[in-house]
Amino acid sequence: LPPPALQKLFPDNCSLQIIEEEAGDLGQLFPEERSILSEHAASSVQKLFAAGRLAAKKGMVKLGVTPTAIGRNEDRSPRWPPNICGSISHTQGLAVAVTANKKDIWSLGVDVEREDRKVNARLISKVGTAMENEWFAKLETAQQNLALLRLLSAKEATFKAFYPLERVFLHFSDAEFTPISKGFEGQLLKSASRVHPPNTRFLVLQSVWNGYLFSACHIPQPDPSL
Ligand SMILES: CC(C)(COP(=O)(O)OP(=O)(O)OC[C@H]1O[C@@H](n2cnc3c(N)ncnc32)[C@H](O)[C@@H]1OP(=O)(O)O)[C@@H](O)C(=O)NCCC(=O)NCCS
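The structure reproduced in this document is the subject of the present report. Treat the numbers as computed from the prediction; the structure is a model and nothing was measured.

Bringing the site of the ligand into the picture now. Near the ligand there are 21 residues, and of these Arg53, Arg72, Ser89, His90 and Glu156 occur at the shortest range. Lysine 160 places a polar side-chain atom, nitrogen or oxygen, 2.9 Å from an oxygen atom of the ligand. Between the ligand and leucine 170, the relevant distance is 2.9 Å, taken from a nitrogen atom to a main-chain nitrogen or oxygen of the residue. For the ligand, the accessible surface in isolation is 940 Å², of which the surrounding protein chains cover 82%. Sorting the residues of the shell around the ligand by element identifies helix H3 (43-62), strand E4 (84-91) and helix H6 (141-166) as the ones contributing at least two each. It is H6 that provides the largest number of residues to the shell around the ligand, a total of five residues. Here the shell around the ligand is built from residues that sort into nine nonpolar, four polar and eight charged.

This brings us to the pairing of E4. The buried fraction of E4 is high, at seven of eight residues. One ladder, built from eight bridges, connects E4 with strand E5 (residues 94-101); its direction is antiparallel. The residue bridging isoleucine 88 from the neighbouring strand is alanine 97, located in E5. Counting the residues that bridge the hairpin from E4 to E5 gives two residues, and of these glycine 93 lies at a positive phi of roughly 100 degrees.

Let's shift gears to the packing of aromatic side chains. According to the stated counting rule, one finds eight aromatic pairs in the structure shown. Both rings, one in tryptophan 135 and one in phenylalanine 184, keep their centres 6.1 Å apart while their planes meet at 85 degrees; by these two values the pair is edge-to-face. Here the residue tryptophan 135 occupies a position in helix H5 (residues 130-138), and phenylalanine 184 occupies one in strand E8 (residues 183-188), the gap between them amounting to 49 residues. For the pair shown, tryptophan 135 and phenylalanine 184 are each scored as buried. An angle of 85 degrees between the planes, with centres 5.9 Å apart, marks the rings of phenylalanine 177 and phenylalanine 202 as edge-to-face. Here phenylalanine 202 lies in strand E9 (residues 201-209) and phenylalanine 177 lies in strand E7 (residues 175-180), a separation of 25 residues in the sequence. Exposure remark for phenylalanine 177: the relative accessible area of 1% places this residue in the buried category. Judged by relative accessible area, phenylalanine 202 falls into the buried class, the value being 10%. Taken together through their ring pairs, the aromatic side chains of Trp135, Phe162, Phe177, Phe184 and Phe202 make up a single cluster.

What the five strands build is an open sheet, ordered E6-E10-E9-E8-E7; its pairing is antiparallel. Only two strands of the sheet have a single neighbouring strand rather than two, namely strand E6 (105-114) and E7. The average angle at which neighbouring strand axes cross in this sheet is 25 degrees, direction not considered. Bridge count for E8 against E9 is five bridges, and the pairing is antiparallel. Bridge pairing links glutamate 185 to leucine 203 in E9. The sheet strands contacting H5 are E7 and E8, and the helix crosses E7 at an angle near 35 degrees.

Take the nonpolar core next. In terms of nonpolar packing, the biggest core is built from 30 residues, with Trp135, Phe162, Phe177, Leu188 and Phe202 touching the most fellow members. Counting residues per element, the ones that place at least two in this core are helix H4 (123-127), H5, H6, E7, E8, E9 and strand E10 (212-220). Looking at this core element by element, the count peaks at 10 residues for H6. Of all hydrophobic cores here, the second largest spans 18 residues; its members include Leu9, Cys85, Val98 and Ala216.

Rules of the game
- For every chain, the first residue of the written sequence is number 1, and numbering continues from 1 along that sequence.
- Local features in this predicted model are restricted to residues whose pLDDT is 70 or higher, and side-chain atom pairs enter the listing and the counts only when it is 80 or higher, whereas totals over whole chains, interfaces and linings include all residues.
- Hydrogen atoms and water are omitted, and side-chain values are computed over all heavy atoms in the structure.
- Nearness is judged by heavy atoms alone; a residue qualifies as near a molecule or strand once a single heavy atom is within 4 Å of it.
- Pairing of N or O atoms within 3.5 Å defines a polar contact, subject to two protein rules: one partner must be a possible hydrogen donor and the other a possible acceptor, and residues neighboring in sequence count only if both atoms are side-chain atoms.
- Residue-level accessible areas treat just the shown protein chains as cover; the underlying method is Shrake-Rupley with a 1.4 Å probe.
- To qualify as a helix, a DSSP run of H or I must reach at least 4 residues; to qualify as a strand, a run of E must reach at least 2; elements of each kind are numbered from the N terminus.
- Put simply, Ala, Val, Leu, Ile, Met, Phe, Trp, Tyr, Cys and Pro go in the nonpolar bin, Asp, Glu, Lys and Arg in the charged bin, and everything else, Gly too, in the polar bin.
- Summary of the burial criterion: residues with accessible area below 20% of their type's maximum are buried, those above 50% are exposed, and those between are partly exposed, where the area comes from a 1.4 Å probe applied to protein chains only.
- Note on pairing: two strands pair once DSSP finds at least 2 bridges between them.
- Stacked, tilted and edge-to-face are the three classes applied to pairs of Phe, Tyr and Trp rings, where Trp contributes its six-membered ring and a pair requires centres within 6.5 Å; stacked means planes under 30 degrees apart, edge-to-face means over 60, and tilted covers the rest.
- Each axis is a line fitted through C-alpha atoms, taken for helices only over the stretch in contact, and angles between the N-to-C directions span 0 to 180 degrees.
- Working rule for contacts: check all heavy atoms of both residues, and any pair within 4.5 Å makes them a contact.
- Put simply, buried Ala, Val, Leu, Ile, Met, Phe, Trp, Tyr and Cys residues joined by side-chain atoms within 4.5 Å make one nonpolar core.

Interpretation note: all reported values are geometric properties and have no functional meaning in isolation.
So this is what it looks like as structure tokens:
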């Protein structure tokens with residue numbers, strides 16, 4: 001079971017599951033899932049893909065849903081069963097998936113990174129808004145690597161959560177992030193869906209566990225009157 005600190009990144013009605021790369025057993029994939037994988041892919045890529053799909057299906061079991069194949073859309077996003085939303089991420093050593101019933105949650109985004117990943121500091125000028133660049137420049141050099149990794153991870157979790165709603169592609173500077181104690185507060189700089197106009201605010205919660213940084217974004221079901 002994932003530790004409580006990680007489970008708290010998402011609402012209680014979501015199921016977060018973690019599977020180590022080594023446990024990524026291709027034999028447990030559905031044929032449709034296996035066919036997504038190129039047989040030329042490196043063994044670690046294959047194991048992480050399998051671990052991600054297995055984590056997602058473990059989550060579905062927890063939700064009381066019979067697991068079915070999670071295909072892949074042309075845009076590479078996972079093809080979830082109709083009543084389920086979810087998100088998958090993997091990095092060297094670990095895969096994570098989060099799932100929920102669509103009636104409870106509209107969409108989910110998760111990202112995992114190794115906390116010791118080195119990121120080129122110059123990336124901030126490519127992915128950051130003017131305000132994020134200002135924030136970054138004021139940080140001590142020793143803090144910058146982790147700060148940039150946290151920002152990138154928050155942006156990726158955000159992309160994964162908003163993209164499935166209406167397939168709007170948010171570029172790295174299409175949302176702006178302000179650090180808060182538990183992660184970031186995000187603000188959309190462009191529309192992400194009919195109910196998410198520019199300036200919509202949302203949270204990305206983060207937690208570090210076992211040398212891995214996790215970022216979590218969830219989008220509640222819209223008010224039916226909207
Ligand atoms: C898609 C993207 C977020 C994936 O992140 P990554 O760090 O490369 O890889 P991760 O391991 O974290 O995630 C890979 C998983 O993302 C999921 N994914 C891929 N495309 C996706 C999409 N369009 N929408 C939702 N999920 C997607 C898949 O499940 C994939 O795993 P799988 O191939 O095993 O199914 C990233 O490659 C990307 O394109 N980012 C650009 C857009 C962006 O981040 N904008 C920021 C907006 S503020």
